[in-house]
Amino acid sequence: MGHDHDHGHGHDHGHGHDHGHDHGHDHGHDHGHSHGATTLPQTGGATITLTPAAQAKVRHFISEEEKPEGKALRVFVEGGGCAGFQYGLQIDEKRDNDQIFAQEGFSVIVDPQSVLYLKGISIDYVENLQGQGFKISNPNAKGGCGCGSSFSV
């Protein structure tokens, strides 16, 4: 058991280090969650937060769509990935049973199955030596594989 705990702690540390490339913006946020601090406002228990960099990138992607009206950022979870699940993000139109999380200038939409896994996540857009892309921090995920796109629950 102690071994598992040490391993998990090491993983968190590495994860926080990734965020060091991002002006340390999310570092304290992740750290607070690992100790069970309630730093996020509880709005029905389900929130999705995008950093300003991620919001700007999503607005850019939506503006490049042929018909940007009515388009939103869909965040979903699908089976696969090295830890059992992986995240997906795509520009999509809202469906009837989607949950909507309003952001500045656009909405994030999540299907009812995925929202169970995505409560409280934060989405950042990172550009560093490893490449660029959206990075998702999920306080619900118990294990990950370090790439930021797969997790297990």
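Right, let's walk through the structure included here. All residue numbers refer to positions counted from 1 along the written sequence of the respective chain. In view of the model being predicted, local features appear only for residues whose pLDDT reaches at least 70, and side-chain atom pairs are presented and counted only at 80 or more, with totals across whole chains, interfaces and linings using the full set of residues. To get the side-chain values, take all heavy atoms of the structure and skip hydrogens and water.

**Let's talk about the nonpolar core**
Nonpolar side chains in soluble globular proteins tend to be buried together.
Working step 1: Among buried residues, the Ala, Val, Leu, Ile, Met, Phe, Trp, Tyr and Cys ones that are joined through side-chain atoms within 4.5 Å form a nonpolar core. Any residue under 20% of the maximum accessible area for its type is buried, any over 50% is exposed, and the rest in between are partly exposed; the area is computed with a 1.4 Å probe on protein chains only. Counting 19 residues, the largest nonpolar core has I48, L50, V75, V108, V110 and I123 as the members making the most contacts within it.
Working step 2: Secondary structure elements are taken from DSSP: a helix is a run of H or I of four residues or more, a strand is a run of E of two residues or more, and numbering for both begins at the N terminus. When contributions to this core are tallied by element, the ones reaching two or more residues are β1 (48-50), α3 (52-63), β2 (71-79), β5 (107-110), α4 (112-118) and β6 (121-128).
Working step 3: Sequence-distant contacts of I48, defined by excluding residues within four places in its chain, comprise F101, Q103, V108, V110, L118, I121 and I123. We call two residues contacting when some pair of their heavy atoms lies within 4.5 Å.

**Things to note about the environment of G120**
Working step 1: Positionally, G120 belongs in the loop between α4 and β6.
Working step 2: Counting along the chain gives 19 residues from G120 to P139, while the straight-line C-alpha distance between them is 6.8 Å.

**Some points on the packing of aromatic side chains**
Working step 1: Two aromatic rings from Phe, Tyr or Trp, using only the six-membered ring of Trp, form a pair when their centres are within 6.5 Å; if the ring planes differ by under 30 degrees the pair is stacked, by over 60 it is edge-to-face, and anything between is tilted. Here the structure, examined in full by the defined rule, presents three aromatic pairs.
Working step 2: Pairing F85 with Y117 gives two aromatic rings, centres 4.9 Å apart and planes at 40°, and the pair type is tilted. Residue F85 is located in strand β3 (residues 85-93), and its partner Y117 is located in helix α4; the two are separated by 32 residues in the primary sequence.
Working step 3: Its relative accessible area of 21% is what places F85 among the partly exposed residues.
Working step 4: For Y117, a relative accessible area of 27% translates into the label partly exposed.
Working step 5: An aromatic cluster is defined as three or more aromatic residues linked by ring pairs; in this entry it consists of F61, Y125 and F134.

**A look at the pairing of β2**
Working step 1: For β2, the buried fraction is high: seven of the nine residues fall into the buried class.
Working step 2: Relative to β3, β2 runs antiparallel, the two being bridged by nine bridges. Paired with V75 across the bridge in β3 is L89.
Working step 3: Only strands joined by at least two bridges in the DSSP assignment are considered to pair. Here β2 pairs with β5 via two bridges, running parallel. Directly across from L73, in β5, lies its bridge partner V108.

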